[in-house]
Amino acid sequence: MNDREPKSAKQSEAASDITAQFVASVYLARTSLARNPLRSTLATLGIVIGVFAIATLGILGSVVQLTATDALGGLGDQVIVSPNADAGVDRLTDRDVALISRAVDDATVIPIVTGGALVQRGESQTFAALYAVERPGDLFSAYSGELPERHRRGAIVGSDVASSLGVDVGRTVTIEGREYRVVAVLAESDGVNLLQPDGAVLIPRSAFADESFTQVIVRADSGSEAAAAADSIRDALNTRGERVTILELSQIVDRIDQFFGLLNAFLVAIGAVSLVVAGVSILNVMLMSVSERRGEIGVLRAVGVQRIDVLRTILVEAGLLGVVGGVGGAAISGLVALGLYVVVPEVTLPVVANLRTAGYLVFAVAFGVTVSLASGLYPAWRAANQRPVEALRVK
C-alpha cells in the first residue's frame, strides 16, 4: 500500500499539471487572437465556410440518396418474371405460374394480365392501362371502397383516372363497350411503382380477350430472399432454354445506391477543397502572429519557457480557430438541413435527423479542426525553434 499511494499521488499531480498547462495555453491563445480581432475573425470565417460546405454538401447528398431509397420503397424485394420474346415466348401460362409458385414457397406470386384502352363516363374519357390481378390487395391499397379478396367483377379505378372522369365507388365506367361498376378507388401511389396504378383500371381477367399472363411479380420478405427466389425460378423454368427473363430489382436498387454514394463522396470532396483553402488562410494568420510576437516569444524563451510550451500555445491558437469555425459551420449546416425538412414536402424528418447526418456534421468539424492544427504546425515549430538572442534582437 505504501508503494501504491505515492505512485497514485504522482499520477494525480502529473494530470493536474497537464490540465493547468493546457488551461494556461488556452488563455494565452485567446489573448493573442483577441489582439487582432479582424484577422482572427476572417480566418475563423474561412473555417466556417469550409465546414459548412463539407457538412451541407454531404447532408444534401445523403438526403437525396435516402429520399430516393424511400421512393423506391419495397422494390428491392421484388422479382419480375416476363416471357422471353427472343425465344418466341409471348405470354406466360397457368402452368408457368404454377411452376413459379412451387419454386418459391415463402414468397407471394402475383400473375398479371396487362392491356390498355379508353375509359369513358358520359362525355369524359381518358386512356388507361388495364390490369387483371386476381388478388389486388397483394399490390394495392384502396382510398375508397374495399378491394375484393378475389377480383371477379367490377372495376377498380386508379386515383388519376377517377379524378379525370369524376367517378367514385358505385358509379359506372365504360371500357371497350362494356360497362363496369366501380367497386374501389386506389390510393394515390407515394413511391416508385412499376405498374403505375394511378393511371390504371383493374378489371377481371375474364374481360381480356387473351387471358394468358404478361408478367409475374414475385414479392419476398427481403432482397436476399428475392435473389434466392430468382435463382429457383431460373432452375424451374429455364432448364431447357431461356423461356423467361428474370429482373431482380434489388440489383437495380443497389446500383442506384452505389451511384448516390459516389455522388455524395464527390460533393464532400468539393467541400473539402474550400476547407483546405481556409487552412492556407490560417497558416498565413499564424505566420503573421508569430512574426509580430517575435520579441515576446524571445522573452519567454529567455526566462526559461520550454520549446514545448511555445509549440503548444501556437497550436492551441490554431485549434481554437478551428473549433470555433467548425462548430459555427456545423450549426449553420444543421439549420439548412432542418430547412429542407420544412420547405421540401418529399423530405421526411427521419431522412434529415439520422446518424448519417450527425456523422457528416462531426466529420466536418473534426476535419476543420485537423486542417487548422495542420496549418498551425509550421508556425508553431518556427516559433518554438527561434533562438532567444535572435528573437530579442531589434531590427
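As shown above, the structure is provided for reference.
In what follows, the accompanying structure is described. What you see is a predicted model, and the numbers here were worked out from it, not measured in a lab. The residue numbers shown here count from 1 along each chain, following its written sequence. The predicted nature of this model means local features are confined to residues of pLDDT at least 70 and side-chain atom pairs, given and counted, to a pLDDT of 80 or more, with totals for whole chains, interfaces and linings taken over all residues. Note that water and hydrogens are dropped before the side-chain values are worked out from all heavy atoms of the structure.

As a further point, take the packing of helix α8 (residues 307-343) against helix α10 (residues 355-384). All axes here are fitted lines through C-alpha atoms, helices being fitted over the stretch that makes contact, and every angle between N-to-C directions spans 0 to 180 degrees. Helix numbering and strand numbering both begin at the N terminus, where a helix is a DSSP run of H or I of at least 4 residues and a strand a DSSP run of E of at least 2. It is the contact of α8 with α10, at a shortest axis distance of 7 Å, that shows an interaxial angle of 155°. If you check the angle between α8 and α10, you find them roughly antiparallel. Seen along the crossing, α8 lies across α10 with a hand that is right-handed. Asp, Glu, Lys and Arg are counted as charged, while Ala, Val, Leu, Ile, Met, Phe, Trp, Tyr, Cys and Pro are counted as nonpolar; the rest, among them Gly, fall into the polar class. Looking at the contact of α8 with α10 residue by residue, the classes come out as 19 nonpolar, eight polar and one charged. Our angle categories are set so that under 35 degrees counts as roughly parallel, over 145 as roughly antiparallel, 65 to 115 as roughly perpendicular, and the remainder as oblique. The crossing is said to be left-handed when, going from far helix to near helix, the turn is anticlockwise and less than a right angle, and right-handed when the turn is clockwise.

Attention now goes to helix α5 (residues 223-237). Expected span of a helix: the number of residues minus one, times 1.5 Å. Taking 1.5 Å as the rise per residue, α5 with 15 residues should run 21 Å; its terminal C-alpha atoms sit 21 Å apart, in good agreement. Relative accessible area decides the class of each residue, using a 1.4 Å probe on protein chains only: under 20% of the type maximum gives buried, over 50% gives exposed, and in between gives partly exposed. Along α5, the residues that are buried comprise A226, A229, A230, I233 and L237. What you see down the axis of α5 is that its buried residues fit within an arc of 105°, all on one side. Exposed side of α5, more than 90 degrees from the buried face: S224 and D235 are the residues found there. By the convention used here, residues are in contact when the closest approach between their heavy atoms is within 4.5 Å. At its buried positions, α5 is contacted by β1 (78-83), α3 (94-103), β9 (215-219) and β10 (244-248). The arc in question is the one traced by the directions running from the helix axis out to the C-beta atoms.

What makes a salt bridge here is a side-chain nitrogen of Lys or Arg within 4 Å of a carboxyl oxygen of Asp or Glu, nothing more. Enumeration over the complete set of coordinates arrives at seven salt bridges. Across the pair D94 and R205 runs a salt bridge, and its minimum N-O distance is 3.2 Å. Here D94, found in helix α3, pairs with R205, found in the loop between β8 (200-202) and β9; they are 111 residues apart in sequence, far enough to count as distant. What emerges from the salt-bridge pattern is a single network uniting E134, R150 and R152.

Okay, unusual backbone geometry next. For E176, which is not a glycine, the phi torsion comes out positive at approximately 50°. Along the chain, E176 turns up in the loop between β6 (172-175) and β7 (178-186). On the basis of relative accessibility, which here comes to 64%, the residue E176 falls in the exposed class.

Turning our eyes to something else, we now look at the pairing of β9. Along a regular strand, successive side chains alternate from one face of the sheet to the other. β9 sits mainly inside the fold: four of its five residues count as buried. Strands were regarded as paired on the criterion that DSSP finds at least two bridges between them. Here β1 pairs with β9 via four bridges, running antiparallel. Among the inter-strand pairings, Q78 is bridged to a residue of β9, identified as R219. One ladder, built from five bridges, connects strand β2 (residues 108-121) with β9; its direction is antiparallel. Within β9, the position partnered with P111 by the bridge is V216.

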